[in-house]
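Summary of structural features
Here is how the chains run, residue by residue.
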Amino acid sequence: MNIAALVQRDLRLAYRRRGELATPVIFFIIVTALFPLAVGSEPALLRRLAPGVIWVAALLASLIGQDSLFKSDYEDGSLEQTLLSPAPLEGLVLLRVFTHWLVTGLPLVILAVLLALMLGYPTGAMGVLVLGLLLGTPVLSFLGAIGASLTVGLRRSGMLLPILVLPLTVPVLIFGAAAGERAALGEPAAAPVYFLAAMLVLAVTLAPFAIAGGLRISLES
Amino acid sequence: MFVWFHKLASPPYFYRLAERIAPWFGWLSLIVMLAGLYGGLWLAPPDYQQGDGFRIMYVHVPSAWMSLFIYVVMAVAAAIGLIWRMKLAHAVSAAAAPLGASFTFLALATGSLWGKPMWGTYWVWDARLTSELVLLFLYLGYLALNHAFEDQRTGDRASAILALVGIVNVPIIHYSVKWWNTLHQGPTVFFGARADIPPSMYIPLFIMIIGFMLYFAAFILKRLQVEVLQRERHTAWVRELVERS
């Protein structure tokens, strides 16, 4: 299995559909911008809410991108070819989720820095917030991919996916926001960051099996 | 043993077996629950702090216990269905999910009714309340996925994977939420371990839990009969059964 070729193919496909990739990013900005409008623009309040707002917005935005993860491959039949390949499906799926995170998750992390600054999040704590997002958003991608693999054959999967995936993302949200909040208060934030890292390890090792199983079921029918 | 197991997996055999044993579980659960309620509502002394308010725990604790127990049943059945491709196992998961969701809802509702006089508010974002709420969403997600497919078998297998992912996640969710925030009183009852409450209070509780388990057994058998009939509606034995009645 040629890893570089697979990653290159996914990246090229993503590049050809730039407009689609921009959607989660724009969504992320809009959701974050809605919070000051709803709760008021008082700087102290926004500073306190910042990590939570960033995390909720990133969570929702990463879900927006997940629906497309297997959709086009399913529609043009290349997903079936992937299943027939002699390489283990779990490995292929792992690569696919990783490249998908590179083009949908990573932009969110980068943009989060800007949005956090706009909400008045302290610059000194920014490193921890970004580290938390770097560890947490791939977990969100894996969880979203499980949902996407199970719903890829459905027409109205867009509605179903958030219901399936959001309850599973609760731990990531808790520890991610906790890391950001503790750092902002100047407290040690190592514990939640370690928890996020542990969840990433768990997601990388277990989720590919669930995703591969989901794809096999979706394509069998 | 394996012969019996195979026979059990055959829908017509199972249907007739369930027809016979479900009423037993049903009546037994009614008797046990009445006994438990009598013990809990009359015999048990009022709590020195909570007065009679604590008595809602005779419904609340068994419901909360069932909500977790049924999720485990559902996930184990899902795993059996996926691994051995047993149709009946998938039917068990599908039949258990609405029951589990109802118990979860009951636990949340009784908990919030208890919370009003005790904490002064119907809802707090306490760890166990929140993880119970997330559990309700997991059940609803399972049901939504199970019904989303036109083909019952695909729906069964897809939602089985979701149930398995959920069961890995349930402890993580529980502990992360616990770590996040807690206000709920610590567990006062442990199986086999030292209990903080006198026997006259916890014995009715155990009786109620047994009563709830029997209730679950009776109703999952009934629901399974319906599931089996629906899934096997094109087969000869179902047609025969319908024509006979």
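About the thresholds
- Residues numbered from 1 in each chain as written.
- Chains lettered and ligands numbered in written order.
- Predicted model: local features only at pLDDT ≥ 70, side-chain atom pairs only at ≥ 80, totals over all residues.
- Heavy atoms only, no water.
- Helix = DSSP H or I, 4+ residues; strand = E, 2+ residues; numbered from the N terminus.
- Buried < 20%, exposed > 50% of the residue type's maximum accessible area, 1.4 Å probe, protein only.
- Contact = heavy atoms within 4.5 Å.
- Areas by Shrake-Rupley, 256 points an atom, 1.4 Å probe, with all protein chains shown as cover.
- Buried area = accessible area lost by both parts, 1.4 Å probe.
- Salt bridge = Lys/Arg side-chain N within 4 Å of Asp/Glu carboxyl O.
- Arc of directions from axis to C-beta.
- Patch = residues over 30% accessible without salt bridge, like charges linked within 9 Å, V, L, I, M, F, W, Y side chains within 5 Å.
- Core = buried A, V, L, I, M, F, W, Y, C linked by side-chain atoms within 4.5 Å.
- Axes fitted to C-alpha atoms, helices over the stretch in contact; angles between N-to-C directions.
- Parallel < 35°, antiparallel > 145°, perpendicular 65-115°, else oblique.
- Left-handed = near helix turned anticlockwise from the far one by under 90°.
- Nonpolar A, V, L, I, M, F, W, Y, C, P; charged D, E, K, R; others polar.

On a plain count of helices and strands, chain B comes out with 8 helices and 0 strands. Ordering the α and β elements of chain B from the N terminus gives α-α-α-α-α-α-α-α. On the principal axes, the C-alpha backbone points of chain B span a range of 60 × 40 × 30 Å. Among the 245 residues that make up chain B, the fraction classed as buried is 47%. Here the contacts in chain B between residues at least 6 apart in sequence split such that 75% fall between residues at least 24 apart. When the accessible surface of chain B is split by element, carbon and sulfur atoms take 69% of a total near 13000 Å².

It is worth spelling out the interface of chain A and chain B at this point. The interface is formed by 28 residues belonging to chain A together with 27 residues belonging to chain B. Across the chain A/chain B interface, buried area totals approximately 2200 Å², and carbon plus sulfur atoms make up 82% of it. Among the residues chain A hides against chain B, the three largest losses belong to Leu150, Leu168 and Ile217 of chain A. Together they make up 25% of the total. The interface formed by chain A and chain B holds 1 salt bridge in total. In this structure, the salt-bridge partner of Arg157 of chain B is Glu220 of chain A, at a minimum N-O distance of 2.6 Å.

What follows deals with the side chain of Ser131 of chain B. Looking at where Ser131 of chain B falls in the secondary structure, it is placed in helix H5 (residues 127-148). Beyond its immediate stretch of four places on either side in the chain, Ser131 of chain B contacts Ile173, His174 and Val177 of chain B.

What follows concerns helix H8 (residues 157-165) of chain A. Among all positions of H8 of chain A, only Ser157, Leu160, Leu161, Leu164 and Val165 of chain A are buried. Taken down its axis, H8 of chain A places every buried residue within 115° of arc, on the same side. Packing partners of the buried residues in H8 of chain A comprise helix H3 (43-66), helix H4 (71-75) and helix H7 (126-151) of chain A together with H5 and helix H6 (152-180) of chain B.

Below, the discussion takes up a nonpolar patch on the surface. Residues Ile26, Ile30, Leu34 and Leu37 of chain A make up a contiguous nonpolar surface patch of about 420 Å² in total accessible area. As for its position among the elements, Leu37 of chain A is in helix H2 (residues 18-39).

Right, let's get into the nonpolar core. Grouped together as the largest cluster of nonpolar side chains are 125 residues, with contacts concentrated most on Phe28 and Ile211 of chain A together with Leu145 of chain B. When residues in this core are grouped by element, the largest group, 13 residues, is from H7 of chain A. Residues in contact with Ile211 of chain A, not counting those within four places in the same chain, are Phe70, Val93, Val97, Phe142, Ala145, Ile146 and Ser149 of chain A.

Let us look at the packing of helix H9 (residues 170-184) of chain A against H6 of chain B. Look at H9 of chain A against H6 of chain B: their axes get within 8 Å of each other, and the N-to-C directions meet at 30°. On the basis of the axis angle, H9 of chain A is roughly parallel to H6 of chain B. Judged by the twist between their axes, the crossing of H9 of chain A over H6 of chain B is left-handed. Seen from H9 of chain A, the contacting residues are Val170, Pro171, Ile174, Phe175, Ala178 and Arg182 of chain A; seen from H6 of chain B, they are Asn169, Ile172, Ile173, Ser176, Val177, Trp179 and Trp180 of chain B. Within the contact of H9 of chain A with H6 of chain B, the residues separate by chemical class into 10 nonpolar, 2 polar and 1 charged.

Looking now at the side chain of Ser159 of chain B. Checked against the element boundaries, Ser159 of chain B lands in helix H6. We classify Ser159 of chain B as buried; its relative accessible area is 0%.

Let us now look at the pattern of salt bridges. Residue and element names in this part refer to chain A. Counted under the stated rule, the structure contains 11 salt bridges over all chains. Among the salt bridges present, the one from Arg96 reaches Asp73, with a minimum N-O distance of 2.8 Å. Residue Arg96 is found in helix H6 (residues 89-118), and its partner Asp73 is found in helix H4; the two are separated by 23 residues along the sequence. Take Arg96 and Asp73: they sit in the same class, and that class is buried.

The topology assignment puts Met118 of chain B in helix H4 (residues 87-119). For the pair formed by Met118 of chain B and Gln50 of chain B, sequence separation is 68 residues and the distance between their alpha carbons is 7.3 Å.

All quantities given are derived from atomic positions and should not be read as evidence of function.
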